[in-house]
Amino acid sequence: MGKIELTKVRKSFGDVHVIPGIDLEINDGEFVVFVGPSGCGKSTLLRLIAGLEDTTSGTIEIDGKDATNLPPAKRGLAMVFQSYALYPHMTVRKNIAFPLKMAGMDQAEQDKRVERAAKVLNLANYLDRRPGQLSGGQRQRVAIGRAIVREPAAFLFDEPLSNLDAALRVGMRQEISELHQSLKTTMIYVTHDQVEAMTMADKIVVLNAGNIEQVGAPLELYNNPRNLFVAGFIGSPKMNFITGAEAAKHNAHTIGVRPEHISVGDGPWEGVVGLSEHLGSDSFIKVDVNGIGVINVRGTGELHVHHGDRIKLAPAGKIHRFDANGLALA
Amino acid sequence: MARAVTPRRKLITTIAAWAVALIIFFPVLWMILTSFKTEASAVANPPEFLSADWTLENYAEVWARSDYPRFFWNSVVISVGSTLLGLLVAVPSAWAMAFVPGKKTKDLLMWMLSTKMMPAVAVMIPLYLLFQRLGLIDTKIGLVFALMLMNLPIIIWMLYTYFKEIPGEILEASRMDGASLWGEIVHVLTPMALPGIASTMLLNIILAWNEAFWTIVLTTTKAAPLSAFIASFSAPQGLFYAKLSAASAMAIMPILILGWFSQKQLVRGLTFGAVK
């Protein structure tokens, strides 16, 4: 079981209100990702759930029991930190066994669980090494191993892949997703990387300045963003926003068109290509459109346009409409 | 920009370092040489750097005239005891200051250190009277407490510096893993800070070993350590420089040997945190 419920949770540091008040329900077995820009309060929210920070007010319930004032160890949660936070003076075996030792588990059971975790995480050959003798990816696996042996109610991940290089990050991302599928335990994952959020989450929680902007499945957020912030934050490159006469034609204050929903060739928007990036699989171009401004376009495959070319564009997908307050119009 | 180390610069710095080292070491060298001279040669004018007739007589006489093993044992108990007791108090204090600092933590640290600037003689009378009332005069336990209190600011400062280097996330991880505060300090913090704790221990043993003011003021015979042993050779009948030197050499030799073998650890300890 790993249902977590936050009711009116607030956190202030002196006069700074990092979390002004949050209500959130995380169901058992869900993979929930907290995403948002730097300083939006996502790590603080995770630390409040972990018990590493005290709430200013509000309640945190874990499996129906009030855990607001429980110390971290009594909450039945396990956490994987960005810096791995391994114990450098202990071997991998002792690192993984540490929470079991603290729980007073007998040695035979400790050994059994450590061996099992090591097998799952491909660490069997490294059990007698120290963290300093491991690569970044292996260290992260040890940190995950230390979390899974406890069989917690939920796993908390605080930007666990940020310290890894790009190639390793993709691999570890998949490993964590597979782990979730096999363990079926609740996972809360904090990241500022929306690709991680989109690919791993059952449910994404988009945070901005300590407030929840929207909660939903990845494609729900992509297709139906509730406001300009979510529309701009989810999707890469970011959604194009157009105001003025062009928006008025659609009875909106602002319209949003995703770069991948614009076709090149014929259309009502005409402009000059500024920057063009050709990746083979995709082409990214910036076009300065007359009367609208700079529009980002993402084309599949090779778009044969270059700097200085005059081209025409047309919206070729959903046009998102927003009112003057930035909220989406039906 | 880093300056290039040319052979000439290296030569100059090497000569300068040797010169400074010799100036600092010279009194110790002079003392050791004097301890092997006759009393007449020790007070000769002009001074004799090398004596005409070397002798071991001073050591033999000092050994015969006093109970060196008892003074030595008292020094060991007092210096090691005060350091261990100091660590027992300082580890939790430094932990609190490093990991759960308050608004005034820095001020508190500065205040603690400032007590080291106070002349010891300023608190001599109250401390002496306090020791007298408590029956602690000329007891090893009394000196252990007194020297622990004298060196506590330095022990806390040094440990605080080491603890600050330990990432807070590792301690948080241990808390998530179910470690109690005691478990966190014993299983995670202490083993990680062990090199720092060892340096702090060594330095404080040396400081306590060399302490002369309180050890002489607060002892008479029973608990007197080696500092009092040296002082006992400056007799009212006159100064016997050769014997005084032999006694001094015997008093500093154990700590000199300890310092020599642990110099790497000591240097690391004293410069830790100074360069990042």
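As a reminder, the structure under discussion sits directly above these lines.
As the structure is a computational prediction, the values presented were derived from the model and not from experiment.

Visitor: Quick question: what am I supposed to make of the interface of chain A and chain B here?
Guide: Note on interface size: it is often stated as the accessible area lost on association of the parts. With 24 residues of chain A at the contact, the number on the chain B side is 14 residues. Of the roughly 1600 Å² buried where chain A meets chain B, counting both sides, 65% is carbon and sulfur surface. When the buried surface of chain A facing chain B is broken down by residue, Tyr87, His89 and Met102 of chain A rank first, second and third, together holding 29% of it. For the pair chain A and chain B, the interface holds 2 salt bridges. A salt bridge links Asp177 of chain B to Arg146 of chain A; the nearest nitrogen and oxygen atoms lie 3.5 Å apart. Taken together, the connections running from chain A to chain B amount to 7 residue pairs in polar contact (both at pLDDT 80 or more).

Visitor: What's the story with the pairing of strand β15 (residues 293-300) of chain A in this structure? I'm lost.
Guide: All names here are of chain A. By the bridge criterion, 8 bridges tie strand β14 (residues 282-289) to β15 in an arrangement that is antiparallel. Counterpart to Ile285 in the pairing with β15 is Val297. Here β14 folds back onto β15 in antiparallel fashion, the turn holding 3 residues, of which Gly291 has a positive phi close to 75°.

Visitor: Can you walk me through the packing of helix α4 (residues 68-99) of chain B against helix α9 (residues 181-192) of chain B in this structure?
Guide: Helix-helix packing is described using two parameters, namely the angle between the two axes and the distance between the axes. Residue and element names in this part refer to chain B. Closest axis-to-axis distance for the α4/α9 pair is 12 Å, and the angle between their directions is 95°. With respect to α9, the axis of α4 lies roughly perpendicular. The residues of α9 that touch α4, namely those facing Val91, Trp95 and Phe99, are Leu181, Glu184, Ile185 and Leu189. Classifying every residue of the contact of α4 with α9 gives 6 nonpolar, no polar and 1 charged.

Visitor: How do you make sense of the side chain of Arg258 of chain A when you look at a structure like this?
Guide: Residues and elements named next belong to chain A. Topologically, Arg258 is positioned in the loop between β12 (254-257) and β13 (262-278). The buried charged residue Arg258 lacks any salt bridge partner; its closest oppositely charged side chain belongs to Glu260, at an N-O distance of 5.0 Å. Residue contacts for Arg258: discarding those within four places in its chain leaves Leu221, Tyr222, Pro225, Ala231, Ile234, Gly235, Met239, Asn240 and His320.

Thresholds, definitions, all that
Per chain, residues are indexed from 1 in the order of the written sequence. Chain labels run from A onward and ligand labels from 1 onward, assigned in the order the entries are written. The predicted origin of the model limits local features to residues at a pLDDT of at least 70 and limits the giving and counting of side-chain atom pairs to 80 or more, whereas totals for whole chains, interfaces and linings rest on all residues. Remark: hydrogens and water are excluded; side-chain values derive from all non-hydrogen atoms of the structure. It only takes one pair of heavy atoms within 4.5 Å for two residues to be counted as in contact. The buried area of a pairing is the accessible area, by a 1.4 Å probe, that goes missing from both parts when the two are put together, added over both. Think of a salt bridge as a Lys or Arg side-chain nitrogen and an Asp or Glu carboxyl oxygen that are within 4 Å of each other. For this analysis, a polar contact is any N or O atom pair within 3.5 Å, provided that within protein one partner can donate a hydrogen and the other can accept it, and provided that sequence-adjacent residues contribute only side-chain to side-chain pairs. Two strands make a pair as long as DSSP finds a minimum of two bridges between them. The helix and strand labels rest on DSSP assignments: H or I over at least four residues marks a helix, E over at least two residues marks a strand, and numbering proceeds from the N terminus. To obtain an axis, a line is fitted to C-alpha atoms, over the contacting stretch when the element is a helix, and the angle between two such axes runs from 0 to 180 degrees between their N-to-C directions. Oblique is the label for any angle not covered by the other classes, which are roughly parallel (under 35 degrees), roughly antiparallel (over 145) and roughly perpendicular (65 to 115). The nonpolar class holds Ala, Val, Leu, Ile, Met, Phe, Trp, Tyr, Cys and Pro. Asp, Glu, Lys and Arg form the charged class, and all remaining residues, Gly among them, are polar. Working definition: with a 1.4 Å probe on protein chains only, accessible area under 20% of the residue-type maximum means buried, over 50% means exposed, and in between means partly exposed. Neither His nor the chain ends is counted toward charge; the positive residues are Lys and Arg and the negative residues Asp and Glu.

Treat this as a map of the structure, not an account of what it does.
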